[in-house]
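Here's the letter readout for the chains.
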Amino acid sequence: MSDRIHKVRTPLLPTYADAQIVLRVAEGHKKADVWGMINSIRNQTGTPQSPVDWSAPDSWIVERLAGKERELAQKIWTLSNKQANPRYIYGAYMLCSMHQLWITDENGVYRLTPKGQAFLNNDREVLRELDDLEGLLQLLQILSVKDWSRRSDLLPEWAAFLKDYSRFSSASTVKDALRRRLINLFHRGLISRDGNGYCISAQGLEWLSGYTVKEDALQ
């Protein structure tokens, strides 16, 4: 992989809608506060023997967070129309940081980059760039030559792609990366789902048009 671009960069890839919510909420707030919210939640996850229930944000945000951390979590929950559970936004945080959708100013406050603003506007060029770097276009390419496929049907080609282009190696991380990217594509209408089967949609075929894997230098 040393002579190829590093792809599939975000381990906990979110839906782009969730990433856009986190990006909007973080704008104008200190990195320390955003990270503090994430850490406060992570530090209360319990144990496998005694897990913490995160299924009701309307309740746990008030009960388990305070101050700025509570304010930020509430904004995420409200702005997403109660779709983005603040417990699970670390992947969105990683995506925004890894792809420089935001930066911190001299006061440690998050500011949108031009790329981040374009992402919020669903700019086609920026979305396709992210899709390429996160392996989403490659996954569409795999689906484009298949009929309805289960995840297990997609794994061999997906694993081969990751071996050449990513730093994912264990079977569990390869499977999880595939699952999360299928969710992302489904939420955007680029693939269809029927039970455990997936198929590229007409919109997905249009989005894929003209895509080829580029064997650039590793970044």
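Everything below is about the structure printed above this text.
Worth saying up front: this structure is predicted, and the values here are computed from it rather than measured.

Undergrad: How should the packing of aromatic side chains be read in this particular structure?
TA: For any two aromatic rings, the description comes down to two numbers: the centre-to-centre distance and the angle of the planes. In this structure the tally under the stated criterion is ten aromatic pairs. Ring plane angle 35° and centroid distance 5.3 Å describe the contact between Trp-35 and Tyr-93, whose orientation is recorded as tilted. One end of the pair, Trp-35, is in helix α2 (residues 31-42); the other, Tyr-93, is in helix α5 (residues 90-98), and 58 residues separate them in sequence. Among the residues examined, Trp-35 registers a relative accessible area of 29% and is labelled partly exposed. Residue class for Tyr-93 comes out buried when judged on its relative accessible area of 8%. Aromatic pair Tyr-93 and Tyr-110: ring centres 6.4 Å apart, planes at 80°, arrangement edge-to-face. Here Tyr-93, found in helix α5, pairs with Tyr-110, found in strand β2 (residues 110-112); they are 17 residues apart in sequence, far enough to count as distant. With respect to burial, Tyr-93 and Tyr-110 carry one shared label: buried.

Undergrad: I would appreciate a short explanation of the environment of Ser-172 in the present structure.
TA: On the secondary structure map, Ser-172 appears in helix α10 (residues 171-187). Classification of Ser-172 by relative accessible area gives exposed; the value is 53%. For Ser-172 and Trp-77, which are 95 residues apart along the polypeptide, the C-alpha to C-alpha distance reads 29 Å. In this structure the side chain of Ser-172 is engaged in a polar contact, spanning 3.2 Å, whose partner is the side chain of Ser-170.

Undergrad: Just checking my understanding: could you explain the pattern of salt bridges for this structure?
TA: For side chains of opposite charge, pairing can occur when their charged atoms come near one another. By the definition in use, this model includes twelve salt bridges. The shortest N-O distance in the salt bridge between Lys-82 and Asp-58 comes to 3.2 Å. Here Lys-82, found in the loop between α4 (67-79) and α5, pairs with Asp-58, found in helix α3 (residues 57-64); they are 24 residues apart in sequence, far enough to count as distant. In this structure Asp-58 comes out as partly exposed when scored by relative accessible area, which is 42%. Note that Glu-157 and Lys-146 form a salt bridge whose closest N and O atoms lie 2.8 Å from each other. With Glu-157 in helix α9 (residues 151-165) and Lys-146 in the loop between α8 (136-144) and α9, this pair connects stretches of sequence that are eleven residues apart. The class of Lys-146 is partly exposed, set by a relative accessible area of 24%. A single network of salt bridges, built from pairs that share partners, joins Lys-68, Glu-71 and Lys-75.

Undergrad: Looking at this model, I keep getting lost on the side chain of His-6. Mind explaining?
TA: Position of His-6 among the secondary structure elements: in the segment before α1 (16-26). Engagement of the side chain of His-6 in a polar contact is seen with the side chain of Arg-167, the distance being 2.7 Å.

Undergrad: Before we go on, may I ask you to explain α4 in this structure?
TA: Owing to its 3.6 residues per turn, the α-helix aligns residues three or four sequence positions apart on the same side. Helix length check: α4, at 13 residues, gives a terminal C-alpha distance of 18 Å against a target of 18 Å (1.5 Å per residue), a fit within 8%. Those residues of α4 not exposed but buried are Leu-72, Ala-73, Ile-76 and Trp-77. Take α4 and look down its axis: the buried residues cluster within an arc of 135°, on one side only. Looking at the packing, one finds that the buried side of α4 touches α1, α2 and α3.

Undergrad: Sorry, what's going on with the layout of surface pockets here?
TA: Rolled over the atoms, a probe with the dimensions of a water molecule shows which regions are left empty. Looking at the largest pocket, its volume works out to about 480 Å³. Around the largest pocket, the lining comprises 22 residues; the ones closest to its centre are Leu-12, Pro-14, Tyr-88, Ile-89 and Arg-180. Those elements that provide at least two residues to the lining of the largest pocket are α2, α5 and α10. Take the lining of the largest pocket: its biggest share by element is four residues, from α10. Among the residues forming the lining of the largest pocket, the class breakdown is twelve nonpolar, five polar and five charged. By volume, the second largest pocket amounts to about 340 Å³. Every element with two or more residues in the lining of the second largest pocket is listed here: α1, α7 (124-133) and α11 (202-208).

What counts, and where the lines are drawn
Residues numbered from 1 in each chain as written. Predicted model: local features only at pLDDT ≥ 70, side-chain atom pairs only at ≥ 80, totals over all residues. Heavy atoms only, no water. Phe/Tyr/Trp six-rings, centres within 6.5 Å; stacked < 30°, edge-to-face > 60°. Helix = DSSP H or I, 4+ residues; strand = E, 2+ residues; numbered from the N terminus. Buried < 20%, exposed > 50% of the residue type's maximum accessible area, 1.4 Å probe, protein only. Polar contact = N/O pair within 3.5 Å; in protein donor to acceptor, adjacent residues only side chain to side chain. Salt bridge = Lys/Arg side-chain N within 4 Å of Asp/Glu carboxyl O. Expected span 1.5 Å × (residues − 1). Arc of directions from axis to C-beta. Contact = heavy atoms within 4.5 Å. 1 Å grid on protein atoms, 1.4 Å probe; cavity = no way out; pocket = protein on both sides within 12 Å on 5 of 7 lines; lining within 4 Å. Points joined across faces, edges and corners; volume = space filled by probe spheres on them. Nonpolar A, V, L, I, M, F, W, Y, C, P; charged D, E, K, R; others polar.

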